[in-house]
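Fold and contact review
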Amino acid sequence: MRIDINNISNAAIMNVEKKHDIKTQLGGLSPSQWNWAIACFFYPYAFLEPASTLMMKKTTYDNLFSSTVSDAQPKAISPSFWLGRLMVTWEGIPAVLMGIATFWVLPDYPQTAKFLDDDEKSAILGLLTEHSPSKEAKTWDWHQVIALFKDPTFWTWTLLWFFHAVGGFGLSYALPTVIFQLGFTTSALSNVLSMPPSSLTFIVLNTLGWLVQSRNYNPFRIAITAHAHISVELVNIICCALLLTVKVSIVKYLALCVATATAGSVYPILWPSRVKAARGTTATGVAIGITNATSQFSGILGPSVFSTIYGPTYRVSYIVCSGLLAGSICSIVITGILMGELLSTTKPDENNPGIVEKATSSD
């Protein structure tokens, strides 16, 4: 589904030099109309995510509808128009097929996983806290929902996800256009040049994941402070400053690559802590649903922040992003303090010494 969403941005500039781009073929869409075209992919996900997360407690049928394909009647026929349509349509098909396969392949709970034996199931269950989602728990518990909304970390996590969604991720949905307007490439090459930032995200994220898991790096401190000379959000702000001040196109492109890579790494390294902050099956489902729904503002507001009306310099866009990223840093600091993890240097197992014994008792 992510490939499908991202490629609408790639389709935006295909053959723009020849006036055969998809915006022209659709009747000359204005920047505002094109922003709505991108945002329409995100509204259904934002509204349905909380409900679908809770539905997974009862059934996995919602996986069957994990992606939708939208289409429109063309006003004119040209190769570029049909290529854009194929990019958006055909790349949604794998998401639908994977959703169908998930119904049979992906188990709901460790107890129902056929590929685990009894000892392995016991080991996994032993690693879970008493507040983790449970197969035996009720799907809906009002007490947990009320407690969740009273928990200040719920609001700080939500703010964090919003600030970073727009300020960090928003750039990715306008990346091909931003690269094209740097002025040193064609529309076709701009689409190719939008691939290295995604590849760099894969490398950076896996490196940070390895440091968190193997070297006991604190994910909160990696995200905001110079812990072991790593500060993901600060690097993002520095990239925005470079994009505001540097005029060399190649340097701007490299800054875009780094900004995209670091932006794509914040959510995953903080996600385990976000899930751990919720207590109970219902609370976890609601928290995950609302958090994921909030992240959809990356596509709802992100394209507006990077609208072509601010190009080719995008000065306003980078200033807005810097402010939002500063808000993200404040949210991470407050959340880390409330959870008691910002300054923590203990390993996860040291916080729960009984877990290791429980998990290895079957050896």
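No experiment lies behind these values; they were computed from the predicted model shown. (Residues numbered from 1 in each chain as written. Predicted model: local features only at pLDDT ≥ 70, side-chain atom pairs only at ≥ 80, totals over all residues. Heavy atoms only, no water.)

Here the focus is the overall build of the protein chain. Within the protein chain one finds 21 helices and zero strands. Taken across its 363 residues, the protein chain has 46% of its residues classed as buried. Taken as a whole, the protein chain presents about 18,700 Å² of accessible surface, with 67% of it coming from carbon and sulfur. (Helix = DSSP H or I, 4+ residues; strand = E, 2+ residues; numbered from the N terminus. Buried < 20%, exposed > 50% of the residue type's maximum accessible area, 1.4 Å probe, protein only. Areas by Shrake-Rupley, 256 points an atom, 1.4 Å probe, with all protein chains shown as cover.)

Chain-level pLDDT for the protein chain is 74 on average; 72% of the residues reach the 70-or-more range. Averaged pLDDT values over the elements of the protein chain bottom out at 37 in helix H21 (residues 353-360) and peak at 92 in helix H9 (residues 152-169). Low pLDDT (under 50) marks residues 60-84, which in the prediction has 47 contacts with non-local residues, meaning those over four places away or in another chain. In the predicted structure, residues 347-363 sits below a pLDDT of 50 and forms eleven contacts with residues beyond four places in sequence or in another chain. (pLDDT = per-residue confidence, 0-100. Contact = heavy atoms within 4.5 Å.)

Another point: the environment of Phe163. Secondary-structure assignment places Phe163 in helix H9. Sequence spacing of Phe163 and Cys321 is 158 residues, and the spatial spacing of their C-alpha atoms is 8.7 Å. Contact partners of Phe163, with chain neighbours within four places excluded, come to Gly168, Leu324, Gly327, Ser328 and Ser331.

Its 25 residues place the ends of helix H19 (residues 315-339) 36 Å apart at the C-alpha level, agreeing with the 36 Å of an ideal helix rising 1.5 Å per residue. Directly beyond the C-terminal end of H19, a positive phi value near 70 degrees is found at Gly340. (Expected span 1.5 Å × (residues − 1).)

Before going further, it helps to examine the packing of aromatic side chains. In total, this model carries twelve aromatic pairs according to the counting rule given. Where Phe149 meets Phe154, the ring centres are 5.2 Å apart and the plane angle is 75 degrees; that geometry is what we call edge-to-face. An angle of 50 degrees between the planes, with centres 5.2 Å apart, marks the rings of Phe169 and Tyr267 as tilted. Pair noted here: Phe169 is in helix H9 and Tyr267 is in helix H15 (residues 249-277), with a separation of 98 residues, a long-range link. On the accessibility criterion, Phe169 (22% relative accessible area) is partly exposed. Residue Tyr267 is classed as buried on the basis of its relative accessible area of 10%. Here a set of aromatic residues connected by ring pairs shows up, and it is made of Trp157, Trp161, Phe169, Phe220, Tyr267 and Trp271. (Phe/Tyr/Trp six-rings, centres within 6.5 Å; stacked < 30°, edge-to-face > 60°.)

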